[in-house]
Every structure is written in structure tokens, then in C-alpha cells.
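So you can see what is in the structure, the chains are spelled out below.
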Amino acid sequence: MSYQLSLTLVQQPEVLERVLRVVRHRGFKVTKMEMQLEGDQGVRLAMHVESERAIELLTNQLDKLFDVIDCRVQA
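Basis of the calculations
Residues numbered from 1 in each chain as written. Predicted model: local features only at pLDDT ≥ 70, side-chain atom pairs only at ≥ 80, totals over all residues. Heavy atoms only, no water. Buried < 20%, exposed > 50% of the residue type's maximum accessible area, 1.4 Å probe, protein only. Helix = DSSP H or I, 4+ residues; strand = E, 2+ residues; numbered from the N terminus. Arc of directions from axis to C-beta. Contact = heavy atoms within 4.5 Å. Salt bridge = Lys/Arg side-chain N within 4 Å of Asp/Glu carboxyl O. Pairing = 2+ DSSP bridges. Axes fitted to C-alpha atoms, helices over the stretch in contact; angles between N-to-C directions.

Draft legend 1. Structural context of helix α1 (residues 15-25). Those residues of α1 not exposed but buried are V15, V19, V22 and V23. Projection of α1 onto a plane perpendicular to its axis shows the buried side chains occupying an angular sector of 100°, all on one side. Looking at α1, the residues exposed on the side facing more than 90 degrees away from the buried face are R24 and H25. Those residues of α1 hidden inside the fold are in contact with β1 (2-10), β2 (29-38), β3 (42-50), α2 (55-64) and β4 (68-74).

This is the structure in C-alpha cells:
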């Protein structure tokens, strides 16, 4: 299955590394990623992922990261 995620992140150098580590550990493959700065403190990350696993396994873990402000699955 293919999913599109929209994340709002705190702007820090290591935030992308943390997100990608969780994606990999949960067994998802990133197929497309677009990152955009929003003001001084925010980052918007649009990411397409693929896996046979349920997307909730990934979104629940991403929500637990302290520098993830918002995580949504786009239809």
C-alpha cells in the first residue's frame, strides 16, 4: 500500500534524521519526500511511503517524537 503523510516539525538539524529512523524501523519505504520551511521555527514535510503494514503503526510512533508537532495521513 502507498500512503501520503503530512508532518509539521520543529526546525532542528536532527529532526529529519529522527523521522527517517522511525520510518525505517517500522518497515516503511520512502518513495517521495518534499520539505519546506515555514517561518522561523517550523518545517512542513510531505512524504510518500510504501508498506504492507498498517499506516497507524507508523503515525503513532511519529506522534510520539517530541519535535513532531502534527502528523496526518492524506487521502
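Structure's up, so let's keep going.
Draft legend 2. How the structure looks around the pattern of salt bridges. Under the defined criterion, the tally for this structure stands at 6 salt bridges. A salt bridge links K29 to E50; its shortest N-O distance comes to 4.0 Å. Of this pair, K29 sits in strand β2 while E50 is found in strand β3, placing the two residues 21 residues apart along the sequence. Note that R72 is salt-bridged to D70, the shortest N-O span being 2.7 Å. Since its relative accessible area comes to 23%, D70 is described here as partly exposed. Each of E14, R18 and D67 takes part in one network of salt bridges that share partners.

Draft legend 3. Broad picture of the sheet that holds β4. Overall, antiparallel pairing links the 4 strands, which are arranged β2-β3-β1-β4 in an open sheet. Lying at the two open borders of the sheet, with one neighbouring strand each, are β2 and β4. This sheet shows a mean twist of 15° between the axes of neighbouring strands, independent of strand direction. Both β2 and β3 contribute to a ladder of 9 bridges, which runs antiparallel. Bridge assignment links E38 to a residue of β3, and that residue is G42. Seen against the sheet, α1 touches β1, β2, β3 and β4 and runs at an angle of roughly 20° to β3.

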